[in-house]
Amino acid sequence: MATFVMVPGAGGSGWYWNLVASRLERAGHRATAVDLPGADEHAALPEYTRLVVDAIGDASDVVLAAQSLGGFTAAMVCATTPVRALVLLNAMIPVPGETPGAWWGNVGAVEAREAAAATGGYGDFDEVTYFLHDVPAAVVAESGQHQGAEADAVFASPCEFDAWPAIPIRVAAGADDRFFPLDFQRRVARERLGLAVDSVPGGHLAALSHPDAVAAYLEGAI
């Protein structure tokens, strides 16, 4: 049995992880999806980090999982709090001192997305095409009650850590992620962590479109 603490991406809704959390709990684990104040202009990476550290508490068997923007918070959490393992899912992978706003240009994220879109023929950016294309309609309908906007404050917030921890780190990317294409994620993980990427089914919101596969992948980090 392990304790899974899961960090959401932009918007801060822990609900993103709810389908995965329920599967982990049925398997006998503890699972906590942290809600972050994404819409709060006065909250940024330090505030996000404190909320995740509080959720970890005194647990000593924690597998920390982070999606998309949550990769920045995960780096700061690991700098202050021991965890058993870290799983990054379609995650932004920072370097020390980097801001989420600078990350896009530093890694060429927009160029990679546009090149993949041209190859795949799925056109200009919109939420349905890039985020919801493989999410079941019933889950999409429910998501409107939970997902909010991300305020600008976090994008100017430096990621305050010195180095990635010497713990097991697994990097997973959705095979059909249109926002952070698979080949792009492979390059960033190799350059910034020296790690290979594991492909999992689904797009950028794989925990909503393929929760069984994501839950099984998280269990593999134990």
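These lines cover the structure that appears in this document, whether it is placed above or below.

Basis of the calculations
- Residues numbered from 1 in each chain as written.
- Predicted model: local features only at pLDDT ≥ 70, side-chain atom pairs only at ≥ 80, totals over all residues.
- Heavy atoms only, no water.
- Helix = DSSP H or I, 4+ residues; strand = E, 2+ residues; numbered from the N terminus.
- Areas by Shrake-Rupley, 256 points an atom, 1.4 Å probe, with all protein chains shown as cover.
- Lys, Arg positive; Asp, Glu negative; His and termini not counted.
- Charge placed at Lys NZ, Arg CZ, Asp CG, Glu CD.
- Contact = heavy atoms within 4.5 Å.
- Core = buried A, V, L, I, M, F, W, Y, C linked by side-chain atoms within 4.5 Å.
- Buried < 20%, exposed > 50% of the residue type's maximum accessible area, 1.4 Å probe, protein only.
- Salt bridge = Lys/Arg side-chain N within 4 Å of Asp/Glu carboxyl O.

### Describing the overall build of the protein chain
A count of helical and extended segments in the protein chain gives 10 helices and six strands. Dimensions of the protein chain along its principal axes, counting C-alpha atoms only, are 50 × 40 × 35 Å. Counting only carbon and sulfur atoms, one obtains 53% of the accessible surface of the protein chain, whose full area is about 9,300 Å². Where the 12 positive side-chain charges of the protein chain centre and where its 27 negative ones centre are 8 Å apart.

### Side note on the environment of M6
Inspection of the secondary structure assignment puts M6 in strand β1 (residues 3-7). Taking C-alpha positions, M6 is 12 Å from S68, a pair spaced 62 residues apart along the chain. Excluding residues within four positions of it along the chain, M6 makes contact with W17, V20, A21, L24, A31, T32, A33, V34, A65 and L218.

### What to know about the nonpolar core
W17, L64, L88 and L218 are the most contacted members of the largest nonpolar core, which has 73 residues in total. It is helix α3 (residues 70-80) that contributes the most residues to this core, six residues altogether.

### Some remarks on the pattern of salt bridges
The full count for this structure, using the stated rule, is seven salt bridges. As a salt-bridge pair, R50 and E47 come within 3.3 Å of each other at their nearest N and O atoms. Separated by three residues within a single helix, R50 and E47 lie in helix α2 (residues 45-56), roughly one turn from each other. Given the relative accessible area of 48%, R50 is considered partly exposed. For E47, a relative accessible area of 26% translates into the label partly exposed. The salt bridge involving E191 is made with R187; its shortest N-O contact spans 3.4 Å. You can see E191 and its partner R187 sitting in helix α8 (residues 182-193), four residues apart, about one turn around the helix. Take R187: its relative accessible area is 26%, and that puts it in the partly exposed class.

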